[in-house]
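# Observations on the three-dimensional arrangement
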Amino acid sequence: MNLLVPARRGEAQRGLAARLPEPTQMVFLVLLGLIAVGWVLVALDGGQFLTMESVVGIQQRSAALGIVAIGQTLAILAGSLDLSVAYLISLTSLVAAEIMAGQDGNIVPAVAAVLAVSALVGLVNGLVITRLQVHAFIATLGVALIIRGVVDHLYDGPAGKVPESFQLLGYSRIGPIPVSALLWAGVAVVAWFLLSRTRLGYRIYAVGGNEEVARLSGIRTSRVIVLTHVLCSVCAGVAGLLLVSRLGAGAPTVGTDGGYDLESIAAVVLGGTALAGGKGGVAGTVGGVLLLAVLDSIFNQLEINSFVKDVVRGVVIVIAVAAYARRIKGRSA
């Protein structure tokens, strides 16, 4: 009789896991609950939550992080990650602003240069990981420190100038929707299509799920990892262009001040993508970014200090990861 207890317990755990919503569904349910809680708290404080101004603010604040997080999702799904994105954002903002130099005619060359520099950094990250067999954490951290050294050596403060026409990217709207939010949506749709409708997408999931099995199946795993890092860095470069359009000049700390490296990883994890790779997707990441953005909006309207913000965000991330882990354990029990 005692031998049946573990089996029944495993069946109960599997039944509970089956009844729980999927991670992507869960993050959007939590987002709706957070909006409701925020509405009540802000109303009790005498304010109004989700006004047109606050909604536009949430969209604008989440766009840069959302673009970086989409790229981070590709890298993490392949079983890797990228800690160099924050410093790369700073570097690309400086490159773009100096090439533009306030001239409309320099916008296209500046954008091309930013994308080229970003792709090169992603290529270096990927090759260090695949050819030199360095763990992604150490490899991308090392590249981040190299970029930091270059930026600190060449720049003491803001540099370059962005023409007013390019600043429309960061501030203009089409109706109530900021152009920056549309840019983020476009990047998300492209990434979703790549993951769900192309061979590369299937290979990314295969490599992240089990790299050795993928290799034995004929997939060039090293090429897939390099490509995901190139795409991740290009997304960081696009975020750098968006941020420099808002600032009007390049800034050597714009990426690190925003914490886009750890924030993007947090958004991906909140969206249900497994850090080990192979499970997750773009929709969950979008939900994770919006969740962080709504949290920030609530904190700002309630004028909560930064220490409490960090504590609450940390608790939310830990609870989310624990819930996903219990779900996976329940399914495998």
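All values derive from a computational prediction rather than experimental measurement.

## Let's talk about the overall build of the protein
In terms of regular secondary structure, the protein is built from 15 helices and two strands. Taking 20 Å as the expected radius of gyration for a compact globule of 333 residues, we find that the protein reaches 21 Å, a close match to that expectation. Dimensions along the principal axes, computed over C-alpha positions, put the protein at roughly 80 × 60 × 35 Å. Within the protein, contacts between residues at least 6 apart in sequence are counted, and of these 78% link residues at least 24 apart. In the structure as shown, the protein presents an accessible area of about 16,300 Å², 65% of it carried by carbon and sulfur atoms. Side-chain charges in the protein split into 23 positive and 18 negative, and the spacing between the mean points of these groups amounts to 17 Å.

## With respect to helix α6 (residues 136-154)
In this model, α6 (19 residues) spans 27 Å end to end at C-alpha, consistent with the 27 Å of a helix rising 1.5 Å per residue. Turning to α6, its buried residues are A136, A139, T140, V143, A144, I147 and V151. Projection of α6 onto a plane perpendicular to its axis shows the buried side chains occupying an angular sector of 130°, all on one side. Among the exposed residues of α6, those oriented more than 90 degrees off its buried face are I138, I146 and H153. The secondary structure elements touched by the buried residues of α6 are α4 (85-100), α5 (107-130) and α11 (221-247).

## Structural notes on the nonpolar core
Residues I67, I89 and I147 are the most contacted members of the largest nonpolar core, which totals 86 residues. Considering each element in turn, this core owes the most residues, twelve residues, to helix α3 (residues 52-77). Not counting residues up to four positions away in its chain, the partners in contact with I147 are Y87, L88, L91 and V121.

## Comments concerning unusual backbone geometry
Not every positive phi belongs to a glycine, and A101 is a case in point at roughly 50°. Turning to its location among the elements, A101 is positioned in the loop between α4 and α5. Given a relative accessible area of 44%, A101 falls into the partly exposed group. Its identity as a non-glycine residue notwithstanding, Q133 has a phi of 55°, on the positive side.

## A closer look at helix α14 (residues 282-302)
The first and last C-alpha atoms of α14 sit 30 Å apart over 21 residues, in line with the 30 Å expected at 1.5 Å per residue. The positive-phi residue at the C-terminal boundary of α14 is E303, with phi of around 55°.

## A closer look at a nonpolar patch on the surface
A grouping of V37, W39, V40, L41 and L44 is seen on the molecular surface, where their side chains present a nonpolar patch of about 520 Å² in accessible area. Locating L41 in the fold gives a position in helix α2 (residues 23-44).

## Regarding the pattern of salt bridges
Summed over the entire model, instances satisfying the criterion amount to four salt bridges. A salt bridge links R313 to E263; the nearest nitrogen and oxygen atoms lie 2.2 Å apart. Placement of R313 in helix α15 (residues 306-332) and of E263 in helix α13 (residues 260-270) is noted, with a sequence separation of 50 residues between them. Given a relative accessible area of 9%, R313 falls into the buried group. Note that D296 and R313 form a salt bridge whose closest N and O atoms lie 2.6 Å from each other. Of this pair, D296 sits in helix α14 while R313 is found in helix α15, placing the two residues 17 residues apart along the sequence. Through salt bridges with shared partners, a single ionic network connects E263, D296 and R313.

Thresholds, definitions, all that
Residues numbered from 1 in each chain as written. Predicted model: local features only at pLDDT ≥ 70, side-chain atom pairs only at ≥ 80, totals over all residues. Heavy atoms only, no water. Helix = DSSP H or I, 4+ residues; strand = E, 2+ residues; numbered from the N terminus. Rg over C-alpha atoms; globule rule 2.2 N^0.38 Å. Contact = heavy atoms within 4.5 Å. Areas by Shrake-Rupley, 256 points an atom, 1.4 Å probe, with all protein chains shown as cover. Lys, Arg positive; Asp, Glu negative; His and termini not counted. Charge placed at Lys NZ, Arg CZ, Asp CG, Glu CD. Expected span 1.5 Å × (residues − 1). Buried < 20%, exposed > 50% of the residue type's maximum accessible area, 1.4 Å probe, protein only. Arc of directions from axis to C-beta. Core = buried A, V, L, I, M, F, W, Y, C linked by side-chain atoms within 4.5 Å. Patch = residues over 30% accessible without salt bridge, like charges linked within 9 Å, V, L, I, M, F, W, Y side chains within 5 Å. Salt bridge = Lys/Arg side-chain N within 4 Å of Asp/Glu carboxyl O.

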